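# Notes for the structure review
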Amino acid sequence: MTHGLKTIIYPVKDLARAKAVFGGLLGAEPVMDEPYYVQFNAAGQEVGLDPNGHGKGMTGPVPYWHVDDINKTVKALLDAGAQPLQDVQDVGGGRLTATVKDADGNVIGLIQPS
């Protein structure tokens, strides 16, 4: 089951500058502030800043759908013709992520919360 788009992750080159910009936009301090990832929570949305995103092939922001069963969802997307980009991986605390690409090259992100 899908719970909707709740997370968007931006690849950034200057994490400190991006953190200041998004902090000003959202009027909030990060809830997670690490050298490898910064996250804000605002209005029910998670906004992430990934300083390694460009190195992972991110060319722009990636929206992430929250799902109950990430493996089942990835399989359904691949069976429907999507192409794998990032296999399912634990990004900490049991939170799983994966990405696939649709027929037009759009990236579809998936998150299974812990």
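Residues numbered from 1 in each chain as written. Predicted model: local features only at pLDDT ≥ 70, side-chain atom pairs only at ≥ 80, totals over all residues. Heavy atoms only, no water.

## Re the overall build of the protein
Counted only if it meets this: Only DSSP runs of H or I reaching four residues or more are called helices, and only runs of E reaching two or more are called strands; each is numbered from the N terminus. Each radius of gyration reported is based on C-alpha atoms, and the globular scaling rule is 2.2 Å times the count of residues to the power 0.38. Throughout this description, buried means an accessible area under 20% of the type-specific maximum (1.4 Å probe, protein chains only), exposed means over 50%, and partly exposed covers the range between. A 1.4 Å probe and the Shrake-Rupley method give the accessible areas. Residues count as covered only by the protein chains that appear here. For the charge count, each Lys or Arg is scored as positive and each Asp or Glu as negative, with His and the chain ends excluded. For the purpose of locating charges, the reference atoms are NZ of Lys, CZ of Arg, CG of Asp and CD of Glu.
When helices and strands are counted, the protein shows 2 helices and 8 strands. In terms of overall dimensions, the protein is globule-like: its C-alpha atoms have a radius of gyration of 14 Å, near the 13 Å expected for 114 residues. C-alpha extents for the protein along the principal axes are approximately 40 × 25 × 20 Å. Across the 114 residues in the protein, those meeting the buried criterion constitute 35%. Within the structure as shown, the protein displays about 6700 Å² of accessible surface, and the carbon and sulfur contribution to it stands at 53%. Between the centroid of the 9 positive side chains of the protein and the centroid of its 13 negative side chains there is a distance of 3 Å.

## Thoughts on the pattern of salt bridges
Quick note on the threshold: Note on definitions: salt bridges are taken to be side-chain nitrogens of Lys or Arg within 4 Å of carboxyl oxygens of Asp or Glu.
Inspection of every chain in the model, using the stated rule, returns 4 salt bridges. Close ionic contact of Asp33 with Lys19 constitutes a salt bridge, the shortest N to O distance being 2.8 Å. Of this pair, Asp33 sits in strand β2 (residues 32-34) while Lys19 sits in helix α1 (residues 15-26); the two residues are 14 residues apart in sequence, bridging distant segments of the chain. Relative accessible area serves as the criterion here: at 40%, Asp33 is assigned to the partly exposed category. With relative accessibility at 27%, the residue Lys19 sits in the partly exposed group. For Arg95, the salt bridge goes to Glu46, with nearest N and O atoms at 2.5 Å. You can see Arg95 sitting in the loop between β6 (83-90) and β7 (96-101) and its partner Glu46 sitting in strand β4 (residues 45-50), a full 49 residues away along the chain. Note on Glu46: relative accessible area 16%, which makes it buried.

## What about the side chain of His66?
The line we're drawing: Definition of a polar contact: a pair of N or O atoms within 3.5 Å, with one able to donate and the other able to accept a hydrogen when the atoms are protein atoms, and with sequence-neighbouring residues admitted only if both atoms are side-chain atoms.
Along the chain, His66 turns up in strand β5 (residues 62-67). Taking relative accessible area as the criterion, His66 reaches 6% and is therefore assigned buried. Engagement of the side chain of His66 in a polar contact is seen with the side chain of Thr7, the distance being 2.7 Å.

## So, the pairing of strand β3 (residues 37-42)
Selection criterion: At least two bridges found by DSSP between two strands are what make those strands a pair.
Of all 6 residues that make up β3, 5 are buried, and the element is covered over most of its length. Bridge count between β2 and β3: 3 bridges; the pairing is antiparallel. Within β3, the position partnered with Asp33 by the bridge is Val38. With antiparallel pairing between neighbouring strands as the criterion, β2 and β3 make up a hairpin whose turn holds 2 residues. Where β3 lies against β4, 5 bridges are found, and the strand directions are antiparallel. Bridge pairing in β4 places Phe40 opposite Val47. The turn joining β3 and β4, which pair antiparallel and follow one another in sequence, is formed by 2 residues; a positive phi near 55° is taken by Ala43.

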